[in-house]
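A closer look at the structure
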Amino acid sequence: MQIRNIAIIAHVDHGKTTLVDQMLRQAGVFRANQQVAERVMDSNPLERERGITILSKNTAVRWGETKINIVDTPGHADFGGEVERILRMVDGFLLLVDAAEGPMPQTRFVAGKALALGLKPIVVINKIDRSDAEPLRVHDEVLELFLDLEATPEQFTCPFLYASSRLGIATPDLGVPGKDLVPLFETILATVPAPAGDPAGPLQMLISTLDYSSYLGRIGIGRIERGRVRVGDTVALLPLGEPGPLGDAPFDQARVVKLFGFEGLERVELEEAAAGEIVALAGLAGVEIGKTISALDHLDRLAGIAVEEPTISVDFRVNDAPFAGREGKFVTGRQLRERLYKELERNVALRVEDTDDPQTFTVSGRGELHLGILMETMRREGYEFQVSRPRIIPREGPNGEQLEPYEELMIDCPEGHMGVVMEKLGPRRATLLDMKNACVGMVRLRFKIPARGLLGYRSEFLTDTRGTGTMHHRFYAYGSWAGPLSGRNRGVMVADREGLAVAFALFNLQERGTMFVRPGDAVYEGMIVGEHVRPGDLDVNAAKEKKLTNMRTTASDEMITLETPRPIMLELALEYIEDDELIEVTPESVRLRKRALGATQRRKLARSARAQEE
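Residues numbered from 1 in each chain as written. Predicted model: local features only at pLDDT ≥ 70, side-chain atom pairs only at ≥ 80, totals over all residues. Heavy atoms only, no water.

Let us look at the nonpolar core. Ile 9, Leu 87, Phe 93, Phe 146 and Phe 160 are the most contacted members of the largest nonpolar core, which totals 37 residues. Sort the elements by how many residues they give to this core and helix α4 (residues 105-116) lands first, with five residues. Leu 350, Val 492, Ile 528 and Ala 573 belong to the second largest nonpolar core, which has 32 residues in total. (Core = buried A, V, L, I, M, F, W, Y, C linked by side-chain atoms within 4.5 Å. Buried < 20%, exposed > 50% of the residue type's maximum accessible area, 1.4 Å probe, protein only. Helix = DSSP H or I, 4+ residues; strand = E, 2+ residues; numbered from the N terminus.)

Structure (structure tokens):
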């Protein structure tokens, strides 16, 4: 049986998962009368809610006599760690590019990684059915991108297809309308080479991703580079290190209890698998991403998987707010620590460190969304905790100077809003790299900006562009320290006592700012209940009730009309809070609070901070 291993990579929302769905349908994985949900590959509830892919997933289809192993990858830059590790399992990749938007920051990032590994590209210009599609312009932009990324002549002369993943069509020639995905399957078979491993040699396999089963324990997934593996075989699990013979270094032995292959959306039990196959092995205690599995008589280590370092960190703390323990099942420091370290088994781009405080743990990741997805997953599992404001992770330069991470920021917005965008990004130390008209009435701006400057900007950007702008960013490089940046320019309203929020009190407070709570919500002293219209915090009584008297006035019975409060979402909260504030995350609610709950204590801390500055 012939095998082809291929990854599908692109920027977020360019149609990867939809294309995989259509490939599964047209390859006959589903019955003709079978009802299947859209984006069947997005099996995680969070992926379905947000419409994005978070975890890379394996599937396989049969086309004629060939089995095509397909890996669907995330498109968001925060989950780049998922993409970097699965590229080692494949021999070629489909690069999807939107026919209107063209190459975006994540397109450049993932294409650069794939080309550097020598993988064979197939470019699919997707969404040609869009009214604003310009496939010929995008074709030229992709070639320019390949030149910038120093693609080899062989990679540069790769095939181009024009497709609509929603309609399930592809064509190599825009003049000939596509009918189905047959040209795509034929191009994959003709372009992507078969795996080069020798099935007769000694076993060698690199673990590229992990899964977990409560019945089987850890499951290692990867491609067999050489040899064969059978159920019941005893294999060597080599530690991380330099590629080549292991020498006298210690290693672990393990027995393969179960062996799985991939067929369609199912995992299929196998008795034996040979070089080139992507398989899952169960029974290997201590298996980790980047480790090599080899034959006992041939201890030869493969190059490990290098994943870029995280750039942003937050502190996870045990919830010590007045309402702690009311909504969550897991509330102790031990349970929080166990869950965070368990996440490291699958999430290679994450780092967890203990601190001097046994109730606080520093968690580092690629970006706010990367950390926000972890928090959302944990709260749904029943965990209760508090989170600090995100902060960047600086580095020391070659001459001892301090360096900080910079992001490449790409903004698409109407021309009329360009002025306010430039005005807001100036104080955030952004540098304009280039500007061009993406289409009529729209402009595309590309900036280099310190990662600190992006904290808290997304909500401001959506307000400034009236929701018509889009922004994407990815890690650019470490650069010199940009200097101090201004923080949030508005204060907050802080509850001064515990109780239930009352409509009468909120009606009187809403002219002072935007409320975060509704009537009937429980509040406590030190909890943030709204945003003040001016700089400086304001202590308020959100539980103040109307005093009833036996005197009637014309104004006593007027209707109270409350504005809709601003919902507190996790990503919004991470962007919003300042250094003296925390996010309280529970399974049922997300609240903002001050670190010091008492008003007197906050005033003392503010005085001492001012004294230190002077």
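Within the open sheet, the eight strands sit side by side as β13-β11-β18-β8-β9-β17-β14-β15. Their pairing is antiparallel. A strand with exactly one partner marks an edge of an open sheet, and here the two such strands are β13 (252-255) and β15 (266-269). Strand-to-strand twist across the sheet, computed as the mean angle between neighbouring axes with direction ignored, equals 40°. In this sheet, strand β9 (residues 217-226) lies alongside strand β8 (residues 204-213) in antiparallel orientation, the contact comprising nine bridges. Its bridge partner lying in β9, Thr 209 is registered against Ile 221. (Pairing = 2+ DSSP bridges. Axes fitted to C-alpha atoms, helices over the stretch in contact; angles between N-to-C directions.)

Relative to each other, helix α10 (residues 418-425) and helix α12 (residues 457-464) sit at 155°, their axes nearing to 10 Å. As summarised for this structure, α10 and α12 are arranged roughly antiparallel, according to the angle between their axes. Of the two possible hands of crossing, α10 and α12 adopt the one that is right-handed. Seen from α10, the contacting residues are Val 420, Val 421, Lys 424 and Leu 425; seen from α12, they are Tyr 457, Glu 460, Phe 461 and Asp 464. Split into classes, the residues belonging to the contact of α10 with α12 amount to five nonpolar, no polar and three charged. (Parallel < 35°, antiparallel > 145°, perpendicular 65-115°, else oblique. Left-handed = near helix turned anticlockwise from the far one by under 90°. Contact = heavy atoms within 4.5 Å. Nonpolar A, V, L, I, M, F, W, Y, C, P; charged D, E, K, R; others polar.)

On the surface, Met 422, Leu 432 and Met 435 cluster together into a nonpolar patch covering about 240 Å² of accessible area. Along the polypeptide, Met 422 turns up in helix α10. (Patch = residues over 30% accessible without salt bridge, like charges linked within 9 Å, V, L, I, M, F, W, Y side chains within 5 Å. Areas by Shrake-Rupley, 256 points an atom, 1.4 Å probe, with all protein chains shown as cover. Salt bridge = Lys/Arg side-chain N within 4 Å of Asp/Glu carboxyl O.)

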